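Each chain, written out:
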Amino acid sequence: MKAYLDALVNYAADCGLIEDEDKVYAFNRLLELMELDSAGGEGTVSAPLNEILNALCDDACRRGILDDNIIARDLFDTRLMGALTPFPHEVRRKFSELYSQSPECATDWYYQFSQNTNYIRRDRIKKDRKWTYDCEYGSIDITINLSKPEKDPRAIAAARNAPQTDYPQCQLCCENEGYAGRMNHPARQNHRLIPVTIAGAQWYLQYSPYVYYNEHCIVLNRQHTPMKIDRACFCKLFDFVRQFPHYFVGSNADLPIVGGSILSHDHFQGGRYEFAMAKAAVERPLAFEGFKDVRAGIVRWPMSVIRLLCPDSERIIDLADKLLCAWRAYSDPAVSIYAETDGVPHNTITPIARKRGENFELDLVLRNNLTTKEHPLGLFHPHAKLHHIKKENIGLIEVMGLAVLPSRLKTELVQLRQAILDRADIRADEALAKHADWVDELREKYTFTPENTEEILCREVGAVFRQVLEDAGVFKRDEQGQAAFLRFIETVNKN
């Protein structure tokens, strides 16, 4: 094992995680974690980080100090990397030094650092399937996410039997920094947070370990407090954009179904990426009483988006707050929009802020989480016909035009291609039967060949996601829906 331990120590030195003078100390720390008194053998190893870590995990499994399942291996190799990761104060000092040069310098270094520590697992990110779907709304990103490890039955059983604890309270809490993890909570010894002050309060900047897009960052509240869309939220978004003008930042909605997966901890997501929605043009300019200095309009997008643009962020915040208050209370039974039913509120907003040259820009995506007997998972949610591709909530990332599709589709699309070419009975296949109606429609539309089947399936998956976004839109793109959108705008101007 000496060759692999040496390789890991040399990797850390080459990446700047440790100095050359730290090598002996780092080697001995790794020996301790591997539960070895010494490491014999000669030779050298030149291999990617994931192969080095896999070899060390394999050795630990052979010697019985590690269970051989994906979760246990992740906990163990993160522990190894944690021994090579600088202390938080060192990381923060370096970030601060670089920020004094420019925000871009600081985030460039921090993003690379987060990959070098294996907090962002580059080998898994590379496995994600990605393509684009061109339609009337622009070029929409389609991804099949393979970054999150799929738990095998042994890992699932171990997680179920693991002791329950409320520390950290959730996966976003700052107490995750350096945490050893457990079978039902990821290890974070190689995780480092950057403190940022947002609207006078303590927040932190980190990157998502799953990186759905370039420099996918998370901005999280120091306090474990629920998400809330209000005027203060808009202020926080713009405060972040002022400090990191090369990043956009947005918030998931604050209600179930239309919100993100973690509503219990106030946080935003951002990064250095321009989504299709950000590129989409305003198709109908709007004018709001008392806000002639704010350019406003309805965006050409499958969901219902109002865009505000002005050099003065306070003016945008004033108008955004007025729109939010109006939308919270708005009902229009003609298009099945109800502000509340039986005292349960339904209307909220997904906001996204960015800098456009000298201007600030805010997109307000109108959301409603009403459920009905026909659509028990949500009226403005992917409808049942589309669940074979996308059933999960439509959160901030999807709203902006990036489909995060379940990992099962990687295998299912390969199997579907073969089944289509073999003219097999898809309904007789337990794994593929959910796609049968969809494939029947495609068979009427296309003549499949070995050369075009994969391309057709990818394109039609994109078409399904476009429909997903249209289902999530509260004001539909037809004449009735757009007329209803303008009725809402009129009520804002009357108040």
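Relevant structure appears above.
Report follows, based on the coordinates. (Residues numbered from 1 in each chain as written. Predicted model: local features only at pLDDT ≥ 70, side-chain atom pairs only at ≥ 80, totals over all residues. Heavy atoms only, no water.)

**Focus on the packing of aromatic side chains**
Moving on, step 1. Taken as a whole and assessed by the stated rule, the structure comprises 24 aromatic pairs.
Moving on, step 2. Taken together, a centroid distance of 5.1 Å and an interplanar angle of 40 degrees make the contact between Y110 and Y207 tilted. Taken together, the residues Y110 in helix 6 (residues 103-116) and Y207 in strand 4 (residues 201-207) connect sequence positions 97 residues apart.
Moving on, step 3. Residue Y110 is classed as buried on the basis of its relative accessible area, which comes to 1%.
Moving on, step 4. An aromatic cluster of three or more residues is present, and its members are F95, Y99, Y110, Y111, Y207, F240 and F244.
Moving on, step 5. The ring of F360 has K355 lying over it, and the distance from NZ or CZ to the ring centre is 5.0 Å. (Phe/Tyr/Trp six-rings, centres within 6.5 Å; stacked < 30°, edge-to-face > 60°. Helix = DSSP H or I, 4+ residues; strand = E, 2+ residues; numbered from the N terminus. Buried < 20%, exposed > 50% of the residue type's maximum accessible area, 1.4 Å probe, protein only. Lys NZ or Arg CZ within 6 Å of the ring centre and 35° of its normal.)

**A look at the environment of P86**
Moving on, step 1. Here P86 lies in the loop between helix 4 (70-82) and helix 5 (88-99).
Moving on, step 2. Put simply, P86 and I18 are 68 residues apart on the chain and 7.3 Å apart in space, counted from C-alpha to C-alpha.
Moving on, step 3. The contact partners of P86, leaving out residues within four places of it in the chain, are L17, V91, F113 and R192. (Contact = heavy atoms within 4.5 Å.)

**Section: the sheet that holds strand 3 (residues 194-198)**
Moving on, step 1. Ordered in space as 3-4-5-7-6-13-14-10-9-8, the 10 strands form an open sheet in which the pairing is antiparallel. Strands with a single pairing partner mark the edges of an open sheet, and in this sheet they are strand 3 and strand 8 (282-286). Between one strand and the next, the sheet's axes are offset by a mean angle of 25 degrees, whatever the strand orientation.
Moving on, step 2. Where strand 3 meets strand 4, five bridges bridge the pair, whose relative direction is antiparallel. (Pairing = 2+ DSSP bridges. Axes fitted to C-alpha atoms, helices over the stretch in contact; angles between N-to-C directions.)

**Notes on the sheet that holds strand 15 (residues 402-405)**
Pairing between the strands of a sheet is mediated by backbone hydrogen bonds and can be parallel or antiparallel.
Moving on, step 1. Across the sheet, three strands lie side by side as 1-2-15; this open sheet has mixed pairing. Where the open sheet ends on each side, the last strands, each with one partner, are strand 1 (129-135) and strand 15. Here the average twist between neighbouring strands, direction ignored, is 20 degrees.
Moving on, step 2. Bridge count between strand 2 (residues 138-144) and strand 15: four bridges; the pairing is parallel.

**Observations regarding helix 3 (residues 49-62)**
Moving on, step 1. Taking 1.5 Å of rise per residue, 14 residues should cover 20 Å, and helix 3 covers 20 Å from first to last C-alpha, within 8% of that figure.
Moving on, step 2. Listed as buried for helix 3 are L49, I52, L53, A55, L56, C57, D59, A60 and C61.
Moving on, step 3. Lining the buried residues of helix 3 we find helix 1 (2-15), helix 4 and helix 6.
Moving on, step 4. Taken from the residues just after helix 3, G64 is the one with a positive phi, measuring 80 degrees. (Expected span 1.5 Å × (residues − 1).)

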